[in-house]
Amino acid sequence: MPLPTHAALLVIDVQESFRHRPFFNEADLPAYLAAQNALIAACQHASVPVIRILHADGPESPTNPFAQASGHVRPLEGLADFEPAATFVKHRHSALVGTGLDVWLTTHGIRHLIVSGIRTEQCCETTTRHASDLGWQVDFVPEATLTWDMTQPDGSVLSADAIKARTATVLAGRFCTLRQVADYALEAITP
């Protein structure tokens, strides 16, 4: 299928900060990066703007991986090198809170968002819900998102796969259309 018209790809929080968190695990990283990079390439090929969103918060200290002073609020190694149409730094879960992203999207006639990035159930899900509530059509691409196992309140582990499945389930049809990277494959795109 061709990419939707008047669309933009959001690459949310794909940054080195996560390598410095105790839960970071490289197991799912190669598959995620392959999917994320293929999605970026498809959008670039179709002249769909790719928006970089980074997250910075907490104390402004070199020991806080999400502080600018840490040097880790920068693209994750392995992410395709691309020239973003715009870059925004957010301080909340939704990329649409306090960043000016909403103004940029409206000014550029963007009516359809493709959501990707890190973490599936956190900033990607929150941005999807928020964008939908504000009137954007949203595609959510689970394989182009990344998360990690979490410990539930009862002490049991909820796997990253289960988190991604749950996120897709609660978003689908309510806040977004679920897509796969293959839906945007380069050969499916009409120039």
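Residues numbered from 1 in each chain as written. Predicted model: local features only at pLDDT ≥ 70, side-chain atom pairs only at ≥ 80, totals over all residues. Heavy atoms only, no water.

Of all residues in the protein, 96% have pLDDT values of 70 or greater, and the mean over the chain is 95. Here residues 187-191 scores under 50 on pLDDT; set against residues more than four positions off or in separate chains, the count is nine contacts. (pLDDT = per-residue confidence, 0-100. Contact = heavy atoms within 4.5 Å.)

Helix length check: helix α1 (residues 29-45), at 17 residues, gives a terminal C-alpha distance of 24 Å against a target of 24 Å (1.5 Å per residue), a fit within 8%. For α1, the complete set of buried residues consists of Leu29, Tyr32, Leu33, Ala35, Gln36, Asn37, Leu39, Ile40, Ala42 and Cys43. Those residues of α1 that are buried are in contact with β1 (7-12), β2 (50-55), β4 (112-118) and β5 (137-146). Positive phi shows up at Ser47, right after α1, with a value of about 60°. (Helix = DSSP H or I, 4+ residues; strand = E, 2+ residues; numbered from the N terminus. Expected span 1.5 Å × (residues − 1). Buried < 20%, exposed > 50% of the residue type's maximum accessible area, 1.4 Å probe, protein only.)

Our next topic: the pattern of salt bridges. Per the counting criterion, the structure on display carries seven salt bridges. Residue Arg119 is joined to Glu121 by a salt bridge in which the shortest nitrogen-to-oxygen separation is 3.2 Å. Accessibility assignment for this pair places Arg119 and Glu121 in one class, buried. Look at the salt bridges and you will find they share partners, linking Glu16, Arg19 and Glu26 into a network. (Salt bridge = Lys/Arg side-chain N within 4 Å of Asp/Glu carboxyl O.)

Attention now goes to the state of the cysteines. On inspection of all chains with the given rule, the structure shows zero disulfides. Its sulfur unpaired, Cys124 is 7.1 Å from the next cysteine sulfur, which belongs to Cys123. With no disulfide of its own, Cys176 lies 11 Å from the sulfur of Cys124, the closest cysteine sulfur. Judged by its relative accessible area of 7%, Cys176 falls in the buried class. (Disulfide = S-S within 2.5 Å.)

Before going further, it helps to spend a moment on the sheet that holds β2. Pairing in this open sheet of six strands is parallel, and the strands run β3-β2-β1-β4-β5-β8 from one edge to the other. One side of each edge strand has no neighbouring strand; the edge strands of this open sheet are β3 (86-90) and β8 (177-178). Pairing of β4 with β5, which is carried by six bridges, proceeds in the parallel orientation. Residue pairing in the sheet places Gly117 in a bridge with Thr145 of β5. Here α1 sits on the sheet and contacts β1, β2, β4 and β5; the angle it forms with β5, its principal contact strand, is near 145°. Each of β1, β3, β4 and β5 touches helix α3 (residues 120-133); the most contacted strand, β5, lies at about 175° to it. (Pairing = 2+ DSSP bridges. Axes fitted to C-alpha atoms, helices over the stretch in contact; angles between N-to-C directions.)

It is worth spelling out the packing of α3 against helix α4 (residues 160-171) at this point. Where α3 meets α4, the axes come as close as 11 Å, and the angle between the chain directions of the two elements is 10°. Taken together, the axes of α3 and α4 are roughly parallel relative to one another. Where α3 approaches α4, its residues Thr120, Glu121, Glu125, Thr128 and Arg129 are matched on the opposing element by Ile163, Lys164, Arg166, Thr167, Val170 and Leu171. Of the residues that constitute the contact of α3 with α4, the class distribution is three nonpolar, three polar and five charged. (Parallel < 35°, antiparallel > 145°, perpendicular 65-115°, else oblique. Nonpolar A, V, L, I, M, F, W, Y, C, P; charged D, E, K, R; others polar.)

The next subject is the environment of Gly173. Here Gly173 lies in the loop between α4 and β8. Judged by relative accessible area, which is 73%, Gly173 ranks as exposed. For Gly173 and Leu79, which are 94 residues apart along the polypeptide, the C-alpha to C-alpha distance reads 29 Å.

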